[in-house]
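One-letter residues, chain by chain:
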Amino acid sequence: MATTGEKLEQQIDRRRWYALAVILLPILLNSLNTYMIQVALPLIQSSLNASFTDAQLIMTCFSFSLAVTLVISGKLGDIYGRKRLLLIGVSGFTLMSMLGGFTSSSTILIVIRIVQGIAAALIQPQVLSMMQMNFLSREKGLVFSIYGALLGFGFAFGLTLGGILVNWNVFSLGWRTVFFFNVPFGILVLLCLPLIQESHGNRAQRIDWTGTAFLISGLFLLVYPLSEGQKQGWSLWIWGCLILSLVLLLAFIVVEVHKQKQDDGPLINLMIFKQRLFGVGLLSVVFIYLSMFSLFFILTYYLQFGLHFDAQATSFVFLPLGVGFFLTSLISSRVVDRWGMVVMKIGALITAGCCFLLILLLHMDATHLLHLPYSLTLLVYGLGLGLVTTPLTRVVLNTIPREEAGTGSGLFNTVMYLANSLGVALSSIVFTVALGHSLTNATISNYVSAFSASLMLCGGLSLSAYVCLVFLFNRQNK
């Protein structure tokens, strides 16, 4: 008689490692795109005569549309097939990249980024579901290490490549090259997709459109006013939207609880939050990614508007951070397997400490960010970031039942990308208030004060992630 483990091994596709290489290609596409556009964002703002708020929306609308579509796209992959959703997502993403390269309007670019975010949302949960479902438990540590290393590679190489492409100014395209670069890359992914097999989850599921409407409306009324408030002032309608967002999100929870009791196919199985490891782990994800995305966004603007760095010089400042993240992403899951959750706590403390150290360095030398002290600090920050984020992905997803893999992985990514949108919005508020002037009229001392205030926020968020991880560690040991 075959044991349960032997039966499971017989069900696993023997070509899964070849398929892994193919399904990770879209992840690299999305990762490269995100960071290439980030390093080019100030130039895009100047070229299109856009406001600081418009620049935020170019970033946050992509992350927001991606975030709110992710939960439903995981379930769509379960029902209609993960390979099919990958094909649609990569096709849409590639098309929007081409259109983004041709546009000359910030408003149209924002709309393109919204659609591109929806397309990206069709990609991400399918990949994580395939990774979760297609590999044995003993293989998942390596699989998620490869996944994290690829994200680190995309980050390090995306920022650098984006800066180089913009600086080369091929055919006088400037920032548009970061969009056009995605087109052949996307075509390559489409050519490789036929190599993987179709897979499904629970095909009897139904889509909870009522819950979806409440969730999207509530999150939109939370994120959008935070950006518009900086441009139009904190008027009554801004506060009204924020209050209404809380009402809609509360209604979403009520609807989901009711559907769960009626066994009526809720959008999110809220019973999953009874797993303390999942709930606290997800909260840790919120804090650490809020900190990370806030730092990335504000550092870019400090470099290009405050210090007048070009895109290539900006990418070189980020390079040690990306290299550090890439290195620890390769080994973090195995280190956690050996040393436990303390590794992630150390990573969170390192990121917080580096944020505070950057404040000290700013007041010693505010202009030479390519010098060794800054490079070493950002390298260590990247090392800490890799220690906490990559294994946290596996910790959270391993608490999800196999039959909920699509929805659960979509929820994880929703939280991560929503943290991107909220991080950019919150850090921009702090940065704008502390700056006290427009981007073009502020002095270097104004920029140092604004960047320092933003770094305090980033450090505090990393410390909050550390507190969550301490609680998580204590619960595991009870």
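Predicted, not measured: the structure shown is a model, and the values here were computed from it.

Trainee: Got a sec to walk through helix α11 (residues 236-261)? Specific residues and values, please.
Mentor: In this model, α11 (26 residues) spans 38 Å end to end at C-alpha, consistent with the 38 Å of a helix rising 1.5 Å per residue. Within α11, the full set of buried residues consists of I238, C241, L242, S245, L248, F252, V255, E256 and K259.

Trainee: Any chance you could break down empty space enclosed by the protein for me, citing the residues and the numbers?
Mentor: Under the defined criterion, the tally for this structure stands at three cavities of 30 Å³ or more. If you add up the space inside the largest cavity, you get close to 240 Å³. Secondary structure elements with two or more residues in the lining of the largest cavity: α2 (16-47), α7 (137-168), α12 (276-306) and α16 (405-435). Element by element, the count of residues in the lining of the largest cavity is highest for α2, at five residues. In this structure, the second largest cavity spans a volume of roughly 80 Å³. Around the second largest cavity, the lining residues are F144, Y147, G148, L151, Y289, F325, T389, T390, T393, F412 and M416. Counting only elements with at least two residues in the lining of the second largest cavity, the list comes to α7, α15 (372-397) and α16. The element best represented in the lining of the second largest cavity is α7, accounting for four residues. Looking at the lining of the second largest cavity, its residues break down into seven nonpolar, four polar and no charged.

Trainee: Can you break down the side chain of T177 residue by residue, with the values?
Mentor: By secondary structure assignment, the location of T177 is in helix α8 (residues 177-180). A relative accessible area of 8% means that T177 is categorised as buried. In contact with T177, not counting residues within four places along its chain, are L165, V166 and V170.

Trainee: Before we move on, could you go through the layout of surface pockets and cite the residues and values that matter?
Mentor: In this structure, the largest pocket encloses a volume near 530 Å³. Breaking the lining of the largest pocket down by element, the ones donating at least two residues are α10 (209-232), α11, α12 and α16. A per-element tally of the lining of the largest pocket places α16 first, with six residues. Split by residue class, the lining of the largest pocket holds 18 nonpolar, two polar and no charged.

Conventions used here
Counting of residues starts from 1 at the beginning of each chain's written sequence and follows it residue by residue. Totals for whole chains, interfaces and linings use every residue, but because this is a predicted model, local features are given only for residues with pLDDT of at least 70 and side-chain atom pairs only at 80 or more, for both listing and counting. With hydrogens and water stripped out, all remaining heavy atoms of the structure feed into the side-chain values. Strands are runs of DSSP state E lasting at least 2 residues, helices are runs of H or I lasting at least 4, and numbering of each runs from the N terminus. A helix is expected to span 1.5 Å for every residue after the first. Using a 1.4 Å probe on the protein chains alone, a residue whose accessible area is under 20% of its type maximum counts as buried, one over 50% counts as exposed, and one in between counts as partly exposed. Definitions used throughout: a 1 Å grid over protein atoms alone; a cavity as a set of points that fits a 1.4 Å probe which cannot get out; a pocket as an open set with protein on both sides within 12 Å along at least five of seven lines; a lining residue as one with an atom within 4 Å of a point. Grid points are joined across faces, edges and corners, and a volume is the space filled by probe spheres set on the points. Amino acids are sorted into nonpolar (Ala, Val, Leu, Ile, Met, Phe, Trp, Tyr, Cys and Pro), charged (Asp, Glu, Lys and Arg) and polar (every other residue, Gly among them). Whether two residues are in contact is decided by their heavy atoms: any pair within 4.5 Å suffices.

This is a description of form; function is not addressed.
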